[in-house]
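# Observations on chain architecture
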2 protein chains.
Amino acid sequence: MSKRTVFFVSDQTGVTAETMGHSLLTQFDGAEYQSVTLPFIATVSQAAEVVQRIDLAARESSLRPIVFATLVDDPVRAVVQQANALVLDFFAAFLGPLEAELAMPSAHASGRAHGMADLAAYTARINATNFALANDDGTGARDYGGADVVLIGVSRSGKTPTCLYLALQYGVLAANYPLAQEDLDAGGLPAVLAPHRKKLFGLTIRPDRLQQIRQERRPGSRYASLPQVEFELREALALFARLGVPYLDTTECSIEEIASRILDRQRLQRRVRL
Amino acid sequence: MSKRTVFFVSDQTGVTAETMGHSLLTQFDGAEYQSVTLPFIATVSQAAEVVQRIDLAARESSLRPIVFATLVDDPVRAVVQQANALVLDFFAAFLGPLEAELAMPSAHASGRAHGMADLAAYTARINATNFALANDDGTGARDYGGADVVLIGVSRSGKTPTCLYLALQYGVLAANYPLAQEDLDAGGLPAVLAPHRKKLFGLTIRPDRLQQIRQERRPGSRYASLPQVEFELREALALFARLGVPYLDTTECSIEEIASRILDRQRLQRRVRL
């Protein structure tokens, strides 16, 4: 049996359509798909090409395609809805109730996310990304005072990607400090972190998973050995407990989830909002 | 008049609810909101607390709150829907049609995005992030051969955040090479890039905007002067044209849009998919 094709069709980037579609499809076990994202579909003629492509997929499979769409323009959406597919359009479903509640018509215009608010958001995200990069490894010039949060954990526990995600998604100023052997041997809070204790958040990870990650990086090294990994993680957890630092086990978490749990637990304000 | 409160309520991170809500609300000009994200609402008793919080906001304002929800569990969703608010639940709207189309019931279980597929996605994103960091500034060990795309452009044209976003969102291996004064003076393709011409994608930006960005970084410097900025951008554009390198003006683009346009233009495969 041929795979069903899932299309993500958007007049913008397609990120919302993809996010929406993925969330929904994870609710159905065992079904397999091939995915096609078609972004920046802004005109009726582009929409007509999209329909041709969807209809071709429909003819080539015994299973009708599914289309997750975020199309603001009514005529463009009307064209896509003629495709031989289940078309789930996000704006079609929700704009009506919102117009009624807000007692105003919607703009029905794509690309609304631009303008001054967006420039401010862009700048906040870029600045936060630069901050994360400049405060990434606990060495050199550090600005823990300027940070919203300081992640601590052993090498490869997920600090860097989490800081970068917090920066790019939320504009949050996230620094990180890697707990090295000498920090763990000393057993106390590293002196540079002492003034910033309330900003600290710990990351931990299951030893077998950390060993696997380190093994990919430095195969056969002491750094990647199970005894070393177990020692570091045990000492780091003991440090978190002694200092009352909140922490999260990242083993089963996506990067989004790690970031979101930190925001929630630390009650951090997003710097990029509506 | 008091501001309307918008709630994003999710049994997961809230990213989907926020993305959905922001997309919809940008369609309504002039309305102002205050936003509250309530993630990880997984039980009926947590949902009851959410309702209390929404109802409190409703009593404190003349405007009824709006709730964007992604709640998979039927009993949890039923509780939230009793709030004194316009509740737009994403799963409520779309799961029914999908169940009919796929001819199977949905799991109605939160946290479905875990498991092996997710571990593979996590690893791909972490590896891509490390790749972006290791291939960020055109110096040191470079692996343009291993890259999916190599961004080129003058300093502060948006290369680094775009590479990191491509890595974190899509698991794409993105390197970047900053076009320095000596590259622009030489006027040809830098020798290290010559074997990878098909992977090149240029970023440009409006001179006044670049000047503003550089001014924040090094106030009063030659680097941040308008003549210097104009010279660099002019030469970079000439280089893109001479070599037939596709490029994008990032001035009016969000990071998502830059990343999405690059994927689309270069026909790059996402390494993180359904």
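All of these numbers come straight from a predicted model, not from anything done at the bench.

Analysis parameters
Residues numbered from 1 in each chain as written. Chains lettered and ligands numbered in written order. Predicted model: local features only at pLDDT ≥ 70, side-chain atom pairs only at ≥ 80, totals over all residues. Helix = DSSP H or I, 4+ residues; strand = E, 2+ residues; numbered from the N terminus. Rg over C-alpha atoms; globule rule 2.2 N^0.38 Å. Buried ≥ 20, exposed ≤ 12 C-beta atoms within 10 Å, placed from the backbone. Contact = placed C-beta atoms within 7 Å. Domains from an automatic or database assignment. Pairing = 2+ DSSP bridges. Nonpolar A, V, L, I, M, F, W, Y, C, P; charged D, E, K, R; others polar. Least-squares fit on C-alpha atoms with pLDDT ≥ 70 in both. Axes fitted to C-alpha atoms, helices over the stretch in contact; angles between N-to-C directions. Parallel < 35°, antiparallel > 145°, perpendicular 65-115°, else oblique. Left-handed = near helix turned anticlockwise from the far one by under 90°. Expected span 1.5 Å × (residues − 1). Core = buried A, V, L, I, M, F, W, Y, C linked by C-beta atoms within 7 Å. pLDDT = per-residue confidence, 0-100. Arc of directions from axis to C-beta.

The helix and strand tally for chain A stands at 10 helices and 8 strands. Relative to the 2.2 N^0.38 estimate, which gives 19 Å for 274 residues, the radius of gyration of chain A is 24 Å and therefore markedly larger than a compact globule would have. With the C-alpha coordinates aligned to their principal axes, the bounding extent of chain A is approximately 70 × 50 × 30 Å. Out of the 274 residues in chain A, the part that is buried amounts to 46%. The long-range share in chain A, meaning contacts at least 24 apart out of those at least 6 apart in sequence, stands at 70%.

Take the domain arrangement of chain A next. What the domain assignment reports for chain A is domain 1 (4-102) and domain 2 (116-266). For domain 1 of chain A and domain 2 of chain A, the distance between their C-alpha centres works out to 38 Å.

All names here are of chain A. Here strand β3 (residues 66-70) lies mainly inside the structure; 5 of its 5 residues are buried. Where strand β1 (residues 4-10) lies against β3, 5 bridges are found, and the strand directions are parallel. What sits directly across from valine 6, in β3, is isoleucine 66. Pairing analysis gives 4 bridges linking β3 to strand β4 (residues 86-89), with the strands arranged parallel. Residue pairing for β4: alanine 69 is matched across the bridge by aspartate 89.

Once that is clear, we can look at the interface of chain B and chain A. Listed per partner, the contact involves 58 residues of chain B and 58 residues of chain A. Elements represented by at least two residues in the side of chain B that touches chain A include exactly α1 (15-25), β2 (33-38), β3 (66-70), β4 (86-89), α4 (90-102), α5 (116-134), α6 (159-170) and α10 (255-266) of chain B. Of the residues assigned to the side of chain B that touches chain A, the class counts are 32 nonpolar, 16 polar and 10 charged.

One copy of the chain maps onto the second through a rotation around an axis plus a translation along that axis. Superposing chain B onto chain A takes a rotation of 180 degrees combined with a translation of 0.0 Å along the rotation axis, leaving an RMSD of 0.0 Å. Both copies of the chain, as the preceding transformation shows, are related through a two-fold rotation axis. Here 100% of the contact residues of chain B are again contact residues in chain A; the copies associate through an equivalent surface.

This brings us to the sheet that holds strand β8 (residues 247-249) of chain B. Residues and elements named next belong to chain B. Strand order across the open sheet formed by 4 strands is β6-β5-β7-β8, with parallel pairing between neighbours. Of all the strands in the sheet, the pair left with one neighbour each is β6 (174-178) and β8. On average, each strand axis in the sheet is inclined to that of its neighbour by 25 degrees, with strand direction left out of account. Docked against the sheet, α6 engages β5 (149-153), β6 and β7 (200-204), running at close to 175 degrees with respect to β6.

All names here are of chain B. In terms of burial, β7 is largely enclosed, as 5 of its 5 residues are buried. Of the two faces of β7, the one carrying Leu200, Gly202 and Thr204 and the one carrying Phe201 and Leu203 are both buried. Across 3 bridges, β5 lies against β7 in parallel orientation. Bridge pairing links valine 150 to leucine 200 in β7. One ladder, built from 3 bridges, connects β7 with β8; its direction is parallel.

Let's shift gears to the packing of helix α8 (residues 207-217) of chain A against helix α9 (residues 226-243) of chain A. Working note: a packed helix pair is described by the angle between its axes plus the distance between those axes. All names here are of chain A. Where α8 meets α9, the closest approach of the two axes is 9 Å, and the angle between their N-to-C directions is 125 degrees. When the axis of α8 is compared with that of α9, the two are oblique. The handedness of the crossing between α8 and α9 comes out as right-handed. For the pair formed by α8 and α9, the contact residues are Pro207, Leu210, Gln211 and Arg214 on the first element and Leu226, Val229, Glu230 and Leu233 on the second. Residues of the contact of α8 with α9, tallied by class, amount to 5 nonpolar, 1 polar and 2 charged.

As a further point, take the sheet that holds β2(B). Residues and elements named next belong to chain B. The 4 strands lie next to each other as β2-β1-β3-β4, forming an open sheet whose pairing is parallel. This sheet does not close on itself; its edge strands, each paired only once, are β2 and β4. Averaged over all neighbouring strand pairs, the angle between strand axes comes to 15 degrees, with direction disregarded.

On to α6(B), then. Residues and elements named next belong to chain B. In a regular helix each residue adds 1.5 Å, so 12 residues correspond to 16 Å; α6 covers 16 Å between its end C-alpha atoms and thus fits that length. Counting buried residues in α6 gives 12 out of 12 residues, a clear majority hidden from the surface. Turning to α6, its buried residues number three or more, namely Lys159, Thr160, Pro161, Thr162, Cys163, Leu164, Tyr165, Leu166, Ala167, Leu168, Gln169 and Tyr170.

In this structure, A:Val150, A:Ala167, A:Ala174, B:Val150, B:Ala167 and B:Ala174 are the most contacted members of the largest nonpolar core, which totals 88 residues. Apart from the residues within four sequence positions on either side, A:Val150 is in contact with A:Tyr144, A:Ala175, A:Asn176, A:Tyr177, A:Leu193, A:His196, A:Lys199 and A:Leu200. Judged by nonpolar contacts, the second largest core, of 62 residues, contains A:Phe8, A:Leu98, B:Phe8 and B:Leu71.

Residues and elements named next belong to chain A. Model confidence for chain A is summarised by a mean pLDDT of 90, while 95% of its residues fall at 70 or above. The element-level mean pLDDT for chain A is lowest in helix α5 (residues 116-134), coming to 85, with strand β7 (residues 200-204) highest at 98. Note on the complex model: pTM 0.87, ipTM 0.85.

Now for helix α2 (residues 44-60) of chain A. Residue and element names in this part refer to chain A. Under the 1.5 Å per step criterion, the end-to-end length of α2 is 24 Å for 17 residues, consistent within 8% with the ideal 24 Å. All buried positions along α2 are accounted for by Ala47, Val50, Ile54 and Ala57. The buried residues of α2 occupy one face: seen down the axis, they fall within an arc of 75 degrees. The exposed residues of α2 that point more than 90 degrees off its buried face are Ser45, Gln52, Arg59 and Glu60. In this fold, the buried residues of α2 make contact with β1, β2 (33-38), β3 and α3 (74-80).

With that settled, consider unusual backbone geometry. All names here are of chain A. With a phi angle near 55 degrees, alanine 103 is a residue other than glycine that sits in the positive phi range. Looking at the secondary structure, you find alanine 103 in the loop between α4 (90-102) and α5. Of note, arginine 267 is a non-glycine position whose phi angle comes to about 50 degrees, a positive value. Topologically, arginine 267 is positioned in the segment after α10 (255-266).

In this section: the environment of B:Ala17. Residues and elements named next belong to chain B. One can find alanine 17 in helix α1. Accessibility expressed as a C-beta count within 10 Å gives 28 for alanine 17, which makes it buried. Separated by 72 residues in sequence, alanine 17 and aspartate 89 have C-alpha atoms that sit 8.7 Å apart. Among all residues touching alanine 17, those that are not within four sequence positions of it are Phe8, Val9, Ser10, Phe68, Ala69 and Thr70.

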